[in-house]
Amino acid sequence: MNGILLIAHAPLASALRQCVLHVFPDAQDAVVALDVQPNVPPEETLSQARALMAQMARPQTLVVTDVFGATPCNVAQRLVDGVRSKLVCGVNLPMLLRTVSYRHESLDALISRAIIGATQGVMQVAVTAPQNQARRSTHDQDHRDHQQ
């Protein structure tokens, strides 16, 4: 089974991990978080990431980060080898939930699931419920206040 290593600006990685464990409490050993603290040198963060990956001791690991080009992603690019570990950036909660759900699949399939989960989890939601609409004035001659 694949491991999932979250590397993100503090406190995002830990917060996302807690959300995932709320839904999948059995994934505690498979999902690890590294919060990148301000003013910590990238070399130190890389050392922490290597230690966490070694502690997970998984045959393959998906590393996910928050923002492409930022320190967490730059560290992760130096961490992954492209074979036993791969990187996806732009993490969100739908991505993680999908990833944890399919963590038993191959690493390449997991990457595809992660990206699909991330993109399908972002959508505009229309608010059209009657309770959210403005109420008609009391001067309305028809008095059609009922909900439809």
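Counting starts from 1 at the beginning of each chain's written sequence and moves along it residue by residue. This being a predicted model, a pLDDT of at least 70 is required before a residue's local features are given, and a value of 80 or more before pairs of side-chain atoms are given or counted; all residues contribute to the totals for chains, interfaces and linings. Side-chain numbers here rest on the full set of heavy atoms in the structure, without hydrogens or water.

**Examining the pattern of salt bridges**
- Salt bridges are defined by distance alone: a side-chain nitrogen of Lys or Arg within 4 Å of a carboxyl oxygen of Asp or Glu. Under the counting rule described, the total for this entry stands at three salt bridges.
- With its nearest N and O atoms 3.4 Å apart, the salt bridge here joins Arg103 to Asp26. Taken together, the residues span a long stretch of sequence, with Arg103 in the loop between α4 (93-101) and α5 (107-120) and Asp26 in the loop between α1 (12-23) and β2 (31-36) at a distance of 77 residues.
- Note on exposure labels: buried denotes an accessible area under 20% of the residue type's maximum, exposed denotes more than 50%, and partly exposed covers the range between, all computed with a 1.4 Å probe on protein chains only. Taking relative accessible area as the criterion, Arg103 reaches 10% and is therefore assigned buried.
- By relative accessible area, which is 60% here, Asp26 ends up exposed.
- Asp108 is the salt-bridge partner of Lys86, the closest N and O atoms lying 2.5 Å from each other. Note that Lys86 is positioned in strand β4 (residues 85-89) and Asp108 in helix α5, a separation of 22 residues in sequence. Under the scheme used here, helices are H or I runs from DSSP no shorter than 4 residues and strands are E runs no shorter than 2 residues, and both carry numbers assigned from the N terminus.

**Observations regarding the pairing of strand β3 (residues 61-65)**
- Of all five residues that make up β3, five are buried, and the element is covered over most of its length.
- Along β3, one buried face is formed by Thr61, Val63 and Thr65 and the opposite face, lined by Leu62 and Val64, is buried too.
- If DSSP finds at least two bridges between two strands, the strands pair. Strand direction decides the pairing type here: strand β1 (residues 3-9) and β3, joined by five bridges, are parallel. By the bridge assignment for β3, Leu6 is matched with Val64.
- Bridge count for β3 against β4 is five bridges, and the pairing is parallel. Bridge assignment links Leu62 to a residue of β4, and that residue is Lys86.

**Focus: α1**
- Compared with an ideal rise of 1.5 Å per residue, which puts 12 residues at 16 Å, α1 spans 17 Å between its outermost C-alpha atoms and is within 8% of the ideal.
- Residues of α1 that are buried: Ala13, Leu16, Arg17, Val20 and Leu21. In an axial view of α1, the angular spread of the buried residues amounts to 135°, which keeps them on one side of the axis.
- Here, two residues are considered to be in contact whenever any of their heavy atoms come within 4.5 Å of each other. Looking at the buried side of α1, the elements it contacts are β1, β2 and α4. For a helix, the expected span equals 1.5 Å multiplied by the residue count minus one. Regarding the arc, it is the one traced by the directions from the helix axis to the C-beta atoms.

**Notes on the nonpolar core**
- Within the largest apolar cluster, 22 residues are counted, with the highest numbers of intra-cluster contacts made by Leu6, Leu62, Val64 and Leu96.
- Mapped onto this core, the elements with two or more residues apiece are β1, α1, β3, α4 and α5.
- At five residues, α5 tops the list of elements feeding residues into this core.
- For Leu6, the contacting residues outside a window of four places in its chain are Ala13, Leu16, Arg17, Val31, Val32, Ala33, Leu34, Val64, Val91 and Leu96.
- As used in this record, nonpolar core signifies buried Ala, Val, Leu, Ile, Met, Phe, Trp, Tyr and Cys residues forming a set joined through side-chain atoms within 4.5 Å. One finds Val32, Leu34, Val36 and Leu79 within the second-largest nonpolar core, a separate group that totals 15 residues.

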